[in-house]
Amino acid sequence: MAVLDGVTVIDFTQAYSGPFSTMQLADFGANVIKIERRGYGDQSREWEPLTESGESGYFAAGNRNKRGIALDLSKEEGVELAKALIQNADIVVENFKVGTMEKLGLGYEEVKKINPNIIYASLSGYGQYGPLSHLAAYDNIIQSMCGIQYATGFPDGIPTKVGPSIGDNLTGLNLAFGMIVAYYNRLKTGEGQRIDVAMFDALFGILEPAIICKSMYNIDTVRVGNEEPGALVPYGVYPCKDGYFSAGLASDAGWDRFCVAMGMPELENDPKYATNALRCQNLNEFREILLEFFGAHTKEELAEIFTANNIPNAPLRNMEDLVNLPHLQERDMLIPINDNCVGEYIAIGNPMHLSDTPPEYKYGSPRIGQHTDEVLAEMGISKEAIAELYANEVI
Amino acid sequence: MKPLEGIKVLDFTQVHAGSLGTMLLADFGAEVIKVERIGVGDISRYWEPMKDGASGYFASINRNKKSISINAASPEGKEIIEKLVKEVDVVTENFKLGSMERMGFTYEKFQEINPGIIYARLNGYGQKGSLKQAMGLEIQMQAGSGMMERTGFAGGPPVKVGAAISDHTSGTYMATAIALALVEREKTGKGQVIDISILDSLFSLMEANVAQYSLKGVASERTGNGYPGAAGYDTYQAKDGYIAIGISTGRQWKTFCTVMGMEDILNNPDYKTAASRWDLYETSLLAEIESYTMQFTRDEIQEKLWSVGLPCGAVATPEEAMESEQVKAREMVVDIDDLGVGPMKIQGVIVKMEKTPGSVDASAPLRGQDTIHYLESIGYSKEKIEALQANNIVEF
């Protein structure tokens, strides 16, 4: 039995952030019913990578283990069907622009009338309240406004966006945490409630060093590239013979071993480099030594040298390296899935390894409306009525 | 009433990732009892920024928690910990692989003492897998997980994310997994072990890149501040800094050109279709767009675009964001009076719950400040506790 067996989630989410959050529930057994706009579907169905038949690997990667139905929510009958689904559900999730669910007649107040103990979870750019709540947002906009883009990149370069859409997936993860905590609370008290998670809050919320330094020292953030100048040296990523490699120390401890690893034991007591503070002062000179050493070796050689000397290290890995990394396979992080839309592909496993109730990968993502008949039949709607809904272009 | 009220956590986590995970539990009402090494404590107590010998770093991720200070290597210390394990719902740790076992604490032992115990473990590479012995700091986790490989500009070097994303992602996964395990325990009475690794956690954020590699056999290059195929979805130079703009449809493109006064670009036949705009983006269009954006301040562009419903946002420093009305309205910065640091500001609660909201009710504990309380709660007398302190078994 999966943890969330018997938990029904009516999922209005689209694109990436919301689907990422409901995938966390689906991986642990929740009955996630994805509602898509009839005739169009989730916008991410158009996003690369696309197969020859035009199916999206992006959509597949964010919607496994879910069932899909297609509804026309601009028709009254469509909204009635959504309400009927919600009536017997535990959780409703949406990530529309603020106010859209209200316009559809599916706002929290409306939904509470038909299911008073519902957990109603909303994910948006800026949240359900606050001066910017009405604005549309994408991942790049949120990264820009919350400060994380300013903090990423090189001092002499331009502010750099974090590559993966962390405005989406980290926010989705926070929403999943909120939904599970709210469900736990409902198990104990019977009460549902509203959850409001904003991309802006989720990304701003991980910038605590900036908040603390400003408040304690009145120091402003500067971009530092891939090193920690002024704090920790050696600590960085440097080019090597066949790519990039990272090795470094968390404190002065290990400096002797680092020198041995580089084959330069004489550096240990060098008056320019003997302590972390000195190395911070003389980083520019010291970096030349690092660049020369790293540049003369391959990733494999560096891994061997630093591991033998007990120094934290790792190569820079690209997707090919990662998909072929035995460690990730051994940890069930690379899951072959035969998807309804894109066919065979490798999905990223769920990182929450629970020993007795592990994540399960039962099926891939749904085709648009793939489970419409099945779900409507489960609701007790007759074959004839379903046929009529098709005829009226509601489903 | 908070949702996790009544849940007790015996918390062996140190430094950032695990401490962040248990902070999320504490924010929502769990009683988190941080176990600290006698005489030393969590090593992040010595990390900058510091004031009067107290760390703001420690303060920000250990709010709402209790602290007991114990010599866990001593037989008496182990006995105390075993008695506490009996009283709690969850045990958490984020040591190097095998450290708990070396101290004599195994899941089997915990289970013997407390059959329904939930045991959550977090470290760089996890409890199993061929790399499990490897060591990695934040930067190695970012380099090894794909995060850095995906960040930065095509043709340029990989770039480190300017925040402790390893710690936050894995810590949030740990808290979420514990919440799942609590649901399971509520239903079946059974506990279990949770194994969270930072590598897995960051790898799970790789969006569709793994699907792309497996479907197409190639991974695309780093894409800088933009999105392949979308001319107008990028970060542009303004008069006083940079601004991110999110133009992705043809209709948005027209509105964008009109509101920015870029009629010449709009009417240029070379830029008629989305595909042609993308083809010429790096060679000419980007520079032409910037020749306009550079004439205005970030605020001016923001006002123009927001007034017509186009997504954009000025690149703000974290400090500018911190001062913004949005952050204030959402209470994402909280004033506390830390026991060590004194008055300071820390990050607020991300997940907003209507009926059972999380909150910052207490500052981070001083090392061992709750030792007496918890020892008394498991039956130790005042005299016994004083004797334990005299023998360097506990500290308060």
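Here is what the cut-offs are and how they apply
Residues numbered from 1 in each chain as written. Chains lettered and ligands numbered in written order. Predicted model: local features only at pLDDT ≥ 70, side-chain atom pairs only at ≥ 80, totals over all residues. Heavy atoms only, no water. Helix = DSSP H or I, 4+ residues; strand = E, 2+ residues; numbered from the N terminus. Contact = heavy atoms within 4.5 Å. Expected span 1.5 Å × (residues − 1). Buried < 20%, exposed > 50% of the residue type's maximum accessible area, 1.4 Å probe, protein only. Patch = residues over 30% accessible without salt bridge, like charges linked within 9 Å, V, L, I, M, F, W, Y side chains within 5 Å. Areas by Shrake-Rupley, 256 points an atom, 1.4 Å probe, with all protein chains shown as cover. Salt bridge = Lys/Arg side-chain N within 4 Å of Asp/Glu carboxyl O. Lys, Arg positive; Asp, Glu negative; His and termini not counted. Charge placed at Lys NZ, Arg CZ, Asp CG, Glu CD. Pairing = 2+ DSSP bridges. Axes fitted to C-alpha atoms, helices over the stretch in contact; angles between N-to-C directions. Parallel < 35°, antiparallel > 145°, perpendicular 65-115°, else oblique. Nonpolar A, V, L, I, M, F, W, Y, C, P; charged D, E, K, R; others polar. Polar contact = N/O pair within 3.5 Å; in protein donor to acceptor, adjacent residues only side chain to side chain.

Colleague: Which residues make up the environment of B:Met148, and what values go with them?
Modeller: Among the structural elements, B:Met148 can be located in the loop between α6 (138–145) and α7 (165–188). A C-alpha to C-alpha distance of 36 Å links B:Met148 and B:Leu266, two positions 118 residues apart in sequence. Once residues within four sequence positions are removed from consideration, B:Met148 is found in contact with A:Asn226, A:Val237, A:Leu316, B:Ile139, B:Gln142, B:Ala143, B:Pro158, B:Val159, B:Lys160 and B:Arg222.

Colleague: Kindly report on α7(B), identifying the contributing residues and their values.
Modeller: Here α7(B) contains 24 residues, and its C-alpha end-to-end distance of 34 Å stays within 8% of the 34 Å for a straight helix at 1.5 Å per residue. In terms of residue burial, α7(B) counts as a mostly covered element, since 21 of its 24 residues are buried.

Colleague: Explain a negative patch on the surface to me, and be specific about the residues and the numbers.
Modeller: Residue and element names in this part refer to chain A. On the surface, Glu76, Glu77, Glu80 and Glu388 cluster together into a negatively charged patch. Here the negative patch gets three residues from one element, more than from any other, and that element is helix α3 (residues 76–87). Secondary-structure assignment places Glu80 in helix α3.

Colleague: Outline the pattern of salt bridges, listing residues and values.
Modeller: Residue and element names in this part refer to chain A. One pass over the full model with this rule turns up 38 salt bridges over all chains. Here Asp90 and Arg186 are joined by a salt bridge, their closest N and O atoms 2.4 Å apart. With Asp90 in the loop between α3 and β4 (91–94) and Arg186 in helix α8 (residues 166–189), the pair connects residues that are 96 residues apart, well separated along the chain. For Asp90, a relative accessible area of 12% gives the class buried.

Colleague: How would you summarise unusual backbone geometry if you had to cite specific residues and measurements?
Modeller: Of note, the amide linkage connecting A:Glu48 to A:Pro49 takes the cis form, showing an omega dihedral of 0 degrees. Relative to the helices and strands, A:Pro49 resides in the loop between β2 (31–37) and α2 (57–62). Of note, the bond from B:Glu48 into B:Pro49 is cis; its omega dihedral lies within 30 degrees of zero at -5 degrees. By the element assignment, B:Pro49 lies in the loop between β2 (31–37) and β3 (50–51). Not every positive phi belongs to a glycine, and A:Asp332 is a case in point at roughly 55 degrees. Take A:Asp332: it is sitting in the loop between α16 (326–330) and β10 (334–339). The class of A:Asp332 is partly exposed, set by a relative accessible area of 40%. Positive phi is not limited to glycine here, since A:Glu393 has a value of about 55 degrees. The topology assignment puts A:Glu393 in the segment after α18 (383–391).

Colleague: Provide a residue-level description of the sheet that holds strand β6 (residues 90–93) of chain B, including the pertinent values.
Modeller: Ordered by their spatial adjacency, eight strands build an open sheet running β12(A)-β8(B)-β7(B)-β6(B)-β1(B)-β2(B)-β5(B)-β15(B), and the pairing between neighbours is mixed. Since the sheet does not close on itself, it has two edges, and those belong to β12 (353–354) of chain A together with β15 (394–395) of chain B, each with one partner. Across five bridges, the pairing between strand β7 (residues 118–123) of chain B and strand β8 (residues 193–197) of chain B is parallel. Bridging from a neighbouring strand, B:Tyr119 pairs with B:Val193 of β8(B). Each of β12 of chain A together with β6, β7 and β8 of chain B touches α7(B); the most contacted strand, β7(B), lies at about 165 degrees to it.

Colleague: I'd love a proper account of the side chain of A:Gln24, names of residues and values included.
Modeller: Inspection of the secondary structure assignment puts A:Gln24 in helix α1 (residues 17–27). If near-sequence neighbours (up to four positions away) are discounted, A:Gln24 is found in contact with A:Ala176, A:Asn350, A:Met352 and B:Tyr173.

Colleague: Can you explain the packing of α6(B) against α7(B)? Please cite residues and give values.
Modeller: Residue and element names in this part refer to chain B. Contact geometry of α6 with α7 gives a least axis separation of 8 Å together with a crossing angle of 80 degrees. When the axes of α6 and α7 are compared, the pair comes out roughly perpendicular. Contacts between α6 and α7 involve Glu138, Met141 and Gln142 from the first element and Ile165, Ser166 and Asp167 from the second. When the residues that make up the contact of α6 with α7 are grouped by side-chain class, the tally is two nonpolar, two polar and two charged.

Colleague: Which residues make up the interface of chain B and chain A, and what values do they have?
Modeller: Contact residues are listed per partner, giving 135 residues for chain B and 144 residues for chain A. If you look at where chain B meets chain A, you find six salt bridges. Two residues, B:Asp200 and A:Arg331, come together in a salt bridge whose shortest N-O distance is 2.9 Å. Where chain B touches chain A, the interface holds 58 residue pairs in polar contact (both at pLDDT 80 or more). When the residues that make up the side of chain B that touches chain A are grouped by side-chain class, the tally is 70 nonpolar, 41 polar and 24 charged. Two elements, strand β6 (residues 193–198) of chain A and strand β14 (residues 352–353) of chain B, share two bridges in a ladder whose sense is antiparallel.

Colleague: Which residues make up the pairing of β6(A), and what values go with them?
Modeller: Residue and element names in this part refer to chain A. Judged by how many residues are buried, β6 sits mostly within the fold: six of six residues are covered. Of the two faces of β6, the one carrying Gln193, Ile195 and Val197 and the one carrying Arg194, Asp196 and Ala198 are both buried. Where strand β5 (residues 119–124) meets β6, six bridges bridge the pair, whose relative direction is parallel. Considered in β6, the bridge of Ser122 is made with Asp196.

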